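Here is what each chain is made of, one letter per residue.
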Amino acid sequence: LIPLEQEGLNEATQCLLFNNFTSAEFMALRTVESLLRRWYEKHTNKSIDDATFGQVLNKLDKEFPESDRPREISPLYNLKERRNAIAHPEVISNGEEATMTFMLVIRQCKLLKNKLVP
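So, here's what we can say about the structure. No experiment lies behind these values; they were computed from the predicted model shown.

## Some points on the overall build of the protein
Phase 1: A tally of regular secondary structure across the protein gives five helices and zero strands.
Phase 2: Against the 2.2 N^0.38 benchmark of 13 Å for 118 residues, the protein shows a C-alpha radius of gyration of 14 Å, consistent with a compact globule.
Phase 3: Dimensions of the protein along its principal axes, counting C-alpha atoms only, are 40 × 30 × 25 Å.
Phase 4: Here the analysis covers contacts within the protein between residues at least 6 apart in sequence; of these, 61% occur between residues at least 24 apart.
Phase 5: Approximately 7,000 Å² of the protein is accessible, and the part contributed by carbon and sulfur atoms is 52%.
Phase 6: Looking at the protein, you have 16 positive and 17 negative side-chain charges, and the mean spots of the two groups are 6 Å apart.

## Overview of the nonpolar core
Phase 1: Counting 32 residues, the largest nonpolar core has Leu36, Leu60, Ile73, Leu76 and Val105 as its most contacted members.
Phase 2: Counting residues per element, the ones that place at least two in this core are helix 1 (3–17), helix 2 (21–44), helix 3 (53–63), helix 4 (76–86) and helix 5 (95–116).
Phase 3: The element contributing the most residues to this core is helix 2, with ten residues.
Phase 4: Apart from residues no more than four positions distant in its own chain, Leu60 is found in contact with Leu36, Trp39, Tyr40, Ile73 and Tyr77.

## Points about the pattern of salt bridges
Phase 1: Under the counting rule described, the total for this entry stands at seven salt bridges.
Phase 2: Two residues, Arg69 and Asp61, come together in a salt bridge whose shortest N-O distance is 2.3 Å.
Phase 3: What you see here is one network of salt bridges that share partners, running through Glu25, Arg82 and Glu97.

## Let's talk about helix 3
Phase 1: Among the residues making up helix 3, those that are buried are Phe53, Gly54, Val56, Leu57 and Leu60. One side of helix 3 holds all its buried residues, which, seen down the axis, span an arc of 160°.
Phase 2: Along its buried surface, helix 3 packs onto helix 2 and helix 4.

## A closer look at unusual backbone geometry
Phase 1: At Asn45, a position not held by glycine, the phi torsion is positive, near 55°.
Phase 2: The topology assignment puts Asn45 in the loop between helix 2 and helix 3.
Phase 3: Residue classification places Asn45 among the exposed positions, given a relative accessible area of 71%.
Phase 4: Of note in this structure, Asp49 is not a glycine but carries a positive phi near 55°.
Phase 5: When you line up the elements, Asp49 lands in the loop between helix 2 and helix 3.

## Remarks on the side chain of Glu33
Phase 1: With respect to the helices, strands and loops of the structure, Glu33 is situated in helix 2.
Phase 2: Overall, Glu33 belongs to the buried group, its relative accessible area being 11%.
Phase 3: Those residues in contact with Glu33, other than ones at most four positions away along the chain, are Ala51, Thr52, Phe53 and Arg83.

## A closer look at the packing of helix 2 against helix 4
Phase 1: Between helix 2 and helix 4, whose axes approach to 10 Å, the crossing angle comes to 135°. With respect to their mutual orientation, helix 2 and helix 4 come out oblique. Seen along the crossing, helix 2 lies across helix 4 with a hand that is left-handed. Listed contacts from helix 4 to Thr22, Glu25, Phe26, Leu29, Arg30, Val32, Glu33 and Leu36 of helix 2 are Leu76, Leu79, Arg82, Arg83 and Ile86.
Phase 2: A class-by-class count of the residues in the contact of helix 2 with helix 4 yields seven nonpolar, one polar and five charged.

About the cut-offs
Chains are numbered independently. Their residues run from 1 in the order of the written sequence. Given that the model is predicted, a residue must reach a pLDDT of at least 70 before its local features are reported, and side-chain atom pairs must reach 80 or more before they are shown or counted; all residues, however, enter totals for whole chains, interfaces and linings. Side-chain numbers come from the whole structure's heavy atoms, not from hydrogens or water. Runs of H or I in DSSP of at least four residues are treated as helices and runs of E of at least two as strands, each being numbered from the N terminus. Note on method: radius of gyration uses C-alpha positions; expected globular size equals 2.2 Å times residues raised to 0.38. In this analysis, two residues are considered to be in contact whenever any of their non-hydrogen atoms come within 4.5 Å of each other. Working definition of accessibility: Shrake-Rupley area with a 1.4 Å probe, residue cover restricted to the visible protein chains. For the purpose of charge, His is not counted, nor are the chain termini; Lys and Arg are scored as positive and Asp and Glu as negative. By convention, the charge on Lys lies at NZ, on Arg at CZ, on Asp at CG and on Glu at CD. We call a set of buried residues a nonpolar core when its members are Ala, Val, Leu, Ile, Met, Phe, Trp, Tyr or Cys and they connect through side-chain atoms within 4.5 Å of each other. Burial classes follow relative accessibility: with a 1.4 Å probe on protein chains only, a residue under 20% of its type's maximum area counts as buried, one over 50% as exposed, and anything between as partly exposed. A pairing counts as a salt bridge when a side-chain nitrogen of Lys or Arg comes within 4 Å of a carboxyl oxygen of Asp or Glu. To be clear, the arc concerns the directions from the helix axis to the C-beta atoms. Axis lines are fitted to C-alpha atoms, over the contacting stretch for helices. Their N-to-C directions set the angle, which ranges from 0 to 180 degrees. Here the word oblique covers every angle except those under 35 degrees (roughly parallel), over 145 (roughly antiparallel) and from 65 to 115 (roughly perpendicular). In a left-handed crossing the near helix is turned counterclockwise from the far helix by less than a right angle, and in a right-handed crossing that turn is clockwise. Under the scheme applied, nonpolar residues are Ala, Val, Leu, Ile, Met, Phe, Trp, Tyr, Cys and Pro; charged residues are Asp, Glu, Lys and Arg; polar residues are all the others, including Gly.

As far as function goes, none of this settles anything; it's purely spatial.
Now the structure itself:
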């Protein structure tokens, strides 16, 4: 992982430890977004610019239809739904949700990272 991604996971971990569950989820999901952007640019040779997480997923959906979608990007659509939920002020995460998201993010980061190594 690049330093920014490492710091994102470190911050997510600290938030979990101090029961700042919504913050933990958001920081973890930002880390996945960073890896996804790098994966997209590597596998499409296209710049992602300043697209949102949802816009990146829409681009991937068009370029990699579900039947031909690489395994490492398939689970991201579930994480997108969680990120959309916690982006709204009426949603506050609990410990179980934050822990589950964090575990999914770690798994997703491993899948993406393995495809980014030269």
